[in-house]
Amino acid sequence: MIPCQHRRPGPGNTPQFSKVFVLAVILLFSANLLAQTPFQFPTANHYLYVPGAELKFFAPTEPDKPWTSGSFGCVRDNGQRFHEGLDIRHLQTDRRGEPTDPVMATAAGTVVYINRRPSLSNYGNYIVIRHVIQGIEIYSLYAHLSAPRPGLFVGEPVKAGEAIATMGRTSNAEVIAQWRAHVHFELNVLVNDNFASWFKIASPGERNDHGEWNGQNLNGLNDREILLQEHNPNGFNLLDFLRGQTELCRVLVRATNFPYLKRYPMLVLPNSVAQRQGIAGYEIALNYNGVAFALMPRAPSEIKSPAKYQLLSVNVPNALANPCCHLVVKRGGRWQLGNEGLRELELLTY
Ligand SMILES: [Zn+2]
């Protein structure tokens, strides 16, 4: 028998320590209240937060490819091809080796689109949910699903963390092997409500089976960065994140009335000259994958060129570091808007 030991008051029991401890708990608690974590992981896989465990979180494109090929950005084909979301690995399978992970809504929102015809999209079966966070509309997308939850319907409100589907391997463009079964997860801004009619004109003869919920109308945010920032003690703020995008280029457009201005008024900057004289166009800052994150109205007297779209400046290091979206291209020693850049501006201002 071990004799009873007298409890000696260790440092943990001194009144001074208790005070410090209580204060620390209060500070931590209030920091938690201030730090916002609007987005949750869409599956039970949280290995993103385990240092060195990236390969348990991301599904790379091939077994010998780095984990980065399953992350967001210019990560495919030696940096030449864009991947607009995260490929999050499965954690569980059935007897046949098929993934069975529940896929969950990243935040409270409303289901706006369910594609149940996998042969009609490289996303396969996919779901889009609309969220309003800090007054900002964000659209999450979950792709390659085996099946949406039975009974799930467009217009249905969902809670954060609510199961909406089962993970799968569906796609009309690629064969996703069992070992790399994943959910492709995006957080997006919506470019234009009139996408479907624009697409008819911009891509004659091409099919669009998904209305405005075509992936081309959803501009991806770096969701790896968002989830990492949420884990950071400094926390995450969606508006700061959007406004803090690195500028690829600045353009001037002659358009004055397009849906994005109304959808994202928090990204429109003040300009007293335009306020006095009227608005003749917008100066727009774009990041490398085309997200418009700062839009300043310009007065007639501030616009010299009659051009519909004018490239004002290029952040060359950013353009060289992110060569996969081709919004701006260098031709004959001069930077200019590439076809992709013009297409993005046409859709934005349509
Ligand atoms: Zn993917």
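Source: prediction; values computed, not measured. (Residues numbered from 1 in each chain as written. Predicted model: local features only at pLDDT ≥ 70, side-chain atom pairs only at ≥ 80, totals over all residues.)

**Here we look at the environment of Ser71**
Move 1: Turning to its location among the elements, Ser71 is positioned in the loop between helix 2 (54-57) and strand 1 (73-76).
Move 2: When the C-alpha positions of Ser71 and Phe58 are compared, they lie 6.7 Å apart, and in sequence the two are 13 residues distant.
Move 3: Apart from the residues lying within four places of it in its own chain, the contact partners of Ser71 are Phe58, Leu86 and Arg224. (Helix = DSSP H or I, 4+ residues; strand = E, 2+ residues; numbered from the N terminus. Contact = placed C-beta atoms within 7 Å.)

**Observations regarding the nonpolar core**
Move 1: In terms of nonpolar packing, the biggest core is built from 71 residues, with Val103, Ile127, Tyr142, Leu145, Ile164 and Leu286 touching the most fellow members.
Move 2: Sort the elements by how many residues they give to this core and strand 7 (residues 136-145) lands first, with six residues.
Move 3: The residues that make up this core include at least three from each of domain 1 (47-231) and domain 2 (244-349).
Move 4: Other than its neighbours up to four places away in sequence, Ile164 contacts Val103, Met104, Ala105, Ile127, Tyr142, Pro148, Arg149, Leu152 and Val158. (Core = buried A, V, L, I, M, F, W, Y, C linked by C-beta atoms within 7 Å. Buried ≥ 20, exposed ≤ 12 C-beta atoms within 10 Å, placed from the backbone. Domains from an automatic or database assignment.)

**Quick word on the domain arrangement of the protein**
Move 1: Here the protein is partitioned into domain 1 (47-231) and domain 2 (244-349).
Move 2: Between the C-alpha centres of domain 1 and domain 2 the distance comes to 27 Å.
Move 3: The partner domain 2 presents 16 residues to the 20 residues of domain 1 that form the contact.
Move 4: When residues of the side of domain 1 that touches domain 2 are traced back to their parent elements, those giving at least two are strand 2 (81-83), strand 7, strand 11 (182-190), helix 3 (195-202) and strand 12 (218-220).

**Observations concerning the sheet that holds strand 16 (residues 309-314)**
Move 1: Reading across the sheet, the four strands line up as 15-14-13-16 and stay open at both edges, with antiparallel pairing between neighbours. With one partner strand each, in any of the chains shown, strand 15 (292-298) and strand 16 form the two edges of the open sheet. Strand-to-strand twist across the sheet, computed as the mean angle between neighbouring axes with direction ignored, equals 20°.
Move 2: Packing of helix 9 (residues 339-349) onto the sheet brings it into contact with strand 13 (249-253), strand 15 and strand 16, and relative to strand 13 it is tilted by some 50°. (Pairing = 2+ DSSP bridges. Axes fitted to C-alpha atoms, helices over the stretch in contact; angles between N-to-C directions.)

**A look at the sheet that holds strand 8 (residues 147-148)**
Move 1: Across the sheet, three strands lie side by side as 4-10-8; this open sheet has antiparallel pairing. Among the strands making up the open sheet, the edge pair consists of strand 4 (102-104) and strand 8.
Move 2: As judged from the three bridges shared by strand 4 and strand 10 (residues 163-166), these two strands associate in the antiparallel manner. When the sheet's bridge partners are listed, Met104 is paired in strand 10 with Ala163.

**Details of the pairing of strand 1**
Move 1: Here strand 1 runs beside strand 2; their pairing, made up of two bridges, is antiparallel. The residue bridging Gly73 from the neighbouring strand is His83, located in strand 2.
Move 2: In this antiparallel pair of consecutive strands, strand 1 and strand 2, the connection spans four residues, and Asp77 shows a positive phi of 50°.

**Here's the deal with unusual backbone geometry**
Move 1: Phi at Asp77 is positive, roughly 50°, even though this residue is not glycine.
Move 2: With respect to the element layout, Asp77 can be found in the loop between strand 1 and strand 2.
Move 3: Overall, Asp77 belongs to the exposed group, with 12 C-beta atoms counted inside 10 Å.

**With respect to helix 4 (residues 223-231)**
Move 1: Three or more residues of helix 4 are buried, namely Asp223, Arg224, Ile226, Leu227 and Gln229.
Move 2: Residues of helix 4 that are buried make contact with strand 3 (86-89), strand 11 and helix 5 (238-243).

**A look at the environment of Thr349**
Move 1: Topologically, Thr349 is positioned in helix 9.
Move 2: Assessed through the 24 C-beta atoms surrounding it within 10 Å, Thr349 is described here as buried.
Move 3: Along the chain, Thr349 and Asn257 lie 92 residues apart, while their C-alpha atoms are 7.5 Å from each other.

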